[in-house]
Amino acid sequence: MAAPDRMRQGGGGCDGAENQRWPPWLKPLLGTSFFGQCKLHADAHKSECNMYCLDCMNGALCSQCLAYHRDHHAIQIRRSSYHDVIRVSEIQKVLDITGVQTYIINSARVVFLNERPQPRPGKGVTNTCEVCDRSLLDTFRFCSLGCKIVGTSGDFRIRKKHAAVKKKKKQAQHQQQQHRGAAAAAASESEDDSSTSTSGGSDKSSVVQSFTPSTPPATANSFRTGKRRKGVPHRSPFGSLMVEF
């Protein structure tokens, strides 16, 4: 598996002191592609290239090639989900893997050689790889040997610091924009309330000004007066008297 661009960038900008922190075979190992067919022993029964000589650093080797590397320090690379791994029992003898998360695969504890970016951390994740953001247990900093090389380089730490400062400024600007938007919305609501209150007062005044006293309600006396009928006329008691002579 070829080394990721980020790993090469992290190592390319290091000075001599940075390079001396790691064994000379480590970066060539991480940049080597394994599990191809050996060109020298293609007809052999086991020609898969899954070995690496730390002394010669001349690429992936098959089991037949080891005959030419006697008394050399060779390690075996294994594969898990299309990613290269190496047993902790082999690598920790020649390399400090502190901070790199280990995994148990086929009853053996292993570490991954190169980063495995994760599109989106799972829910509830509290710790991720400092380089590729892959979910990790809380006690680890890196998901692979390649991420440790990149993450511990001075160049990467400077870039990460600048990125953190830039992110903080961006968040502050976003918060300021939110506060301004909230203030503008509050001011607009206040103006609307004031306008509504003024309009309500004008309506009330117009109602009061246009009000005129109405005819007082009818009372019992006025009702009887209005309903009184004219009585039958009475004649004089002498109107019908006939006088005889």
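Residues numbered from 1 in each chain as written. Predicted model: local features only at pLDDT ≥ 70, side-chain atom pairs only at ≥ 80, totals over all residues. Heavy atoms only, no water.

A. Region of interest: the overall build of the protein. Check the secondary structure of the protein and you find seven helices and seven strands. When the helices and strands of the protein are read in sequence order from the N terminus, they spell out α-α-α-β-β-β-β-β-α-β-β-α-α-α. Counting every position in the protein, which comprises 245 residues, the buried fraction comes to 29%. Sequence separation of at least 24 residues holds for 48% of the intrachain contacts in the protein that already meet a minimum separation of 6. Total accessible area computed for the protein in this model is approximately 17,800 Å², and 52% of it derives from carbon and sulfur atoms. (Helix = DSSP H or I, 4+ residues; strand = E, 2+ residues; numbered from the N terminus. Buried < 20%, exposed > 50% of the residue type's maximum accessible area, 1.4 Å probe, protein only. Contact = heavy atoms within 4.5 Å. Areas by Shrake-Rupley, 256 points an atom, 1.4 Å probe, with all protein chains shown as cover.)

B. The arrangement of the nonpolar core in detail. Trp25, Ile91, Leu95, Val111, Cys129 and Leu145 are the most contacted members of the largest nonpolar core, which totals 33 residues. At the level of secondary structure, the elements contributing two or more residues to this core comprise α3 (26-30), β5 (83-87), α4 (88-91), β7 (108-112) and α5 (145-151). With four residues, α5 is the largest single contributor of residues to this core. Those residues within four positions of Leu145 in sequence are excluded, and the remaining contacts are Leu30, Ile91, Leu95, Ile97, Val100, Val111, Phe112 and Leu113. Cys38, Cys49, Cys53 and Cys65 belong to the second largest nonpolar core, which has seven residues in total. (Core = buried A, V, L, I, M, F, W, Y, C linked by side-chain atoms within 4.5 Å.)

C. Fine view of unusual backbone geometry. With a phi angle near 50 degrees, Ser81 is a residue other than glycine that sits in the positive phi range. For Asp133, which is not a glycine, the phi torsion comes out positive at approximately 65 degrees. Here Asp133 is to be found in the loop between β7 and α5. Taking the relative accessible area as the measure of exposure, Asp133 reaches 42% and is therefore partly exposed.

D. Summary view of the packing of aromatic side chains. Per the stated rule, a full pass over the model turns up two aromatic pairs. On the numbers, 6.2 Å between centres and 70 degrees between planes, the contact of Phe34 with Tyr52 is edge-to-face. Residue Phe34 is located in the loop between α3 and β1 (51-53), and its partner Tyr52 is located in strand β1; the two are separated by 18 residues in the primary sequence. Exposure remark for Tyr52: the relative accessible area of 1% places this residue in the buried category. (Phe/Tyr/Trp six-rings, centres within 6.5 Å; stacked < 30°, edge-to-face > 60°.)

E. Seen up close, the confidence of the model for the protein. Overall, the predicted model of the protein reaches an average pLDDT of 76, with 62% of residues at or above 70. Ignoring residues within four places in sequence, the model shows residues 1-14, a span with pLDDT below 50, making 31 contacts including any to other chains. (pLDDT = per-residue confidence, 0-100.)

F. Region of the structure containing the sheet that holds strand β4 (residues 78-80). Taken in spatial order, the four strands line up as β4-β5-β7-β6 in an open sheet, and their pairing is antiparallel. The open sheet terminates on both sides in strands that have one partner only, identified here as β4 and β6 (103-105). This sheet shows a mean twist of 55 degrees between the axes of neighbouring strands, independent of strand direction. Pairing of β4 with β5, which is carried by three bridges, proceeds in the antiparallel orientation. Within the sheet, the bridge partner assigned to Arg78 lies in β5 and is Val85. (Pairing = 2+ DSSP bridges. Axes fitted to C-alpha atoms, helices over the stretch in contact; angles between N-to-C directions.)

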